[in-house]
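Survey of secondary and tertiary structure
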Amino acid sequence: MEIKKRFNIFCIFAGQNLNSSSMKKILVIGACGQIGSELTPALRKVYGTDNVVAADLMYPLKGDLADSGPSCKIDATNAQDIADAVKKYNIDSIFNLAAILSAKAEANPMLGWNVGIGALLNCLEVSREFHCALFTPSSIGAFGANTPHDKTPQDTIQRPQTIYGVTKVTGELLSDYYYKRFGVDTRSVRFPGLISNVTLPGGGTTDYAVEIYYAAIKEGKFTCPLKPGTYMDMMYMPDALRGTMELMEADPSKLIHRNSFNITAMSFEPEQIAAAIRKYMPDFKMDYKFDELRQGIADSWPNSMDDSCARAEWGWKPEYDLDAMTRDMLEVLKVKLAK
Ligand code: NAD
Ligand code: SER
């Protein structure tokens, strides 16, 4: 990636507002979710508030998302909704975040498939017709029980047994197909569990790693839905936002892979996140009451991914480890939950 673009993206985390030259008119679909509610403002800081359109099935949008730039209603399972917005706002880049997360999708597999794949196919077709770049996240959920669990390679066995995982593997294949067959600029990462403090997660298997911080501040204790020793990859939201923008600005000639890159920042099991919280809140207590569905899904996912291809091909590098994230989460939530 050019030094100037990397600098611009870096600057949003320093609170500066600079224009980058690559993506000019951006559509974020699923803008109200855990990622979209933070990615949309981050993109607006870099590319300008009027150049980033926030769209969701939930409409009208509320708060800052609605006030700080253009917005519209999109049902991503309806291709016409997406095409209308792309034409109206002259969009050249789409961030497709519409999906049903792992545990929620397992409770309603048809919905998981229809949103995960319906939205993606519509985005791919609209991107092909209107020459848009397209980012659609994949997940650690794209792996399964017979994938190597430690240092999970970039290219390996992918036989997930959840509907969420099936949509993610299908999505990776479809996105690569549209790139190779039609030249659509599709790019993607396999996000690990994302930890954040703006919008609560939408029904995934890694949600416990967000909920534990809220519970620590509100009640000083937490009942963990996963068993001790359940390792999964995780990442703090600022790293996820920066990685997303860096990949979309990366020099395409350097990309050997596209859909999707392993990226990770840390791997821990419940006792380790509890211990990290106890460093700042020594009286914090945790017990266990495991949830069979989530435990089964978590057991089939990697313990820790190898993200060396993302590091080599577009310079991926996380900034937050478990301790830095815990310090920040507790500081932010203390203020937020006191209101
Ligand atoms: P989320 O559930 O928090 O948000 C999804 C958003 O999509 C919601 O605002 C919802 O209203 C919207 N939506 C649902 N159906 C829609 C439709 N038909 N049309 C338009 N909008 C619709 O999800 P998220 O955590 O923000 O995840 C975004 C993407 O990142 C998903 O593809 C998810 O699989 C992936 N991902 C997330 C995580 C994580 O930890 N959050 C980890 C790995 C991958
Ligand atoms: N956080 C997501 C989930 O648990 C991972 O894709 O579903």
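Scroll up for the structure.
1. Topic: the sheet that holds strand β3 (residues 71-73)
- Strands sit in the order β3-β2-β1-β4-β5-β8 across an open sheet of six strands; the sheet is parallel. In this open sheet, the two edge strands, each paired with only one partner strand, are β3 and β8 (186-187).
- Taken together, the two bridges between strand β5 (residues 133-135) and β8 define a ladder with parallel strand orientation. Looking at the pairing, F135 lines up with R187 of β8.
- Across the sheet, helix α6 (residues 109-130) is in contact with β1 (26-29), β4 (93-96), β5 and β8; its angle to β4 comes to roughly 175°.

2. Re the environment of V86
- Tracing the chain through its elements places V86 in helix α4 (residues 79-89).
- As for V86 and A216, which are separated by 130 residues in sequence, their C-alpha atoms are 43 Å apart.

3. A few points about the pattern of salt bridges
- Enumeration according to the criterion identifies twelve salt bridges in this entry.
- A salt bridge links R187 to D185; the nearest nitrogen and oxygen atoms lie 2.8 Å apart.
- Assessed through its relative accessible area of 3%, R187 is described here as buried.
- Among the residues examined, D185 registers a relative accessible area of 25% and is labelled partly exposed.
- Linking D291 and R294 is a salt bridge whose minimum nitrogen-to-oxygen distance equals 3.4 Å.

4. Re the layout of surface pockets
- By volume, the largest pocket is sized at about 980 Å³.
- Along its surface, the largest pocket is lined by 46 residues, and L97, A98, A99, I100 and L101 are the ones closest to its centre.
- At the level of elements, α5 (102-107), α6, β6 (138-139), α7 (163-182) and β10 (193-195) are the ones that each hand at least two residues to the lining of the largest pocket.
- With three residues, the single largest contributor to the lining of the largest pocket is α6.
- In terms of residue class, the lining of the largest pocket is made up of 25 nonpolar, 16 polar and five charged.

5. Quick word on the site of ligand 2
- What surrounds ligand 2 is the set L101, S102, S139, Y164, G204, T205, T206 and W301.
- In the model, an oxygen atom of ligand 2 is placed 2.5 Å from a nitrogen or oxygen of the S139 side chain.
- A majority-of-atoms criterion places ligand 2 in the largest pocket.
- Across the shell around ligand 2, the residue classes tally to three nonpolar, five polar and no charged.

6. Some words on helix α13 (residues 322-338)
- Look at α13: 24 Å from first C-alpha to last across 17 residues, which is about the 24 Å you get at 1.5 Å a residue.
- If you check which residues of α13 are buried, you get L322, A324, M325, T326, M329, L330 and L333.

Rules used in this analysis
- Residues numbered from 1 in each chain as written.
- Chains lettered and ligands numbered in written order.
- Predicted model: local features only at pLDDT ≥ 70, side-chain atom pairs only at ≥ 80, totals over all residues.
- Heavy atoms only, no water.
- Pairing = 2+ DSSP bridges.
- Helix = DSSP H or I, 4+ residues; strand = E, 2+ residues; numbered from the N terminus.
- Contact = heavy atoms within 4.5 Å.
- Axes fitted to C-alpha atoms, helices over the stretch in contact; angles between N-to-C directions.
- Salt bridge = Lys/Arg side-chain N within 4 Å of Asp/Glu carboxyl O.
- Buried < 20%, exposed > 50% of the residue type's maximum accessible area, 1.4 Å probe, protein only.
- 1 Å grid on protein atoms, 1.4 Å probe; cavity = no way out; pocket = protein on both sides within 12 Å on 5 of 7 lines; lining within 4 Å.
- Points joined across faces, edges and corners; volume = space filled by probe spheres on them.
- Nonpolar A, V, L, I, M, F, W, Y, C, P; charged D, E, K, R; others polar.
- Near = heavy atom within 4 Å.
- Polar contact = N/O pair within 3.5 Å; in protein donor to acceptor, adjacent residues only side chain to side chain.
- Sits in = over half its atoms within 2 Å of the grid points.
- Expected span 1.5 Å × (residues − 1).

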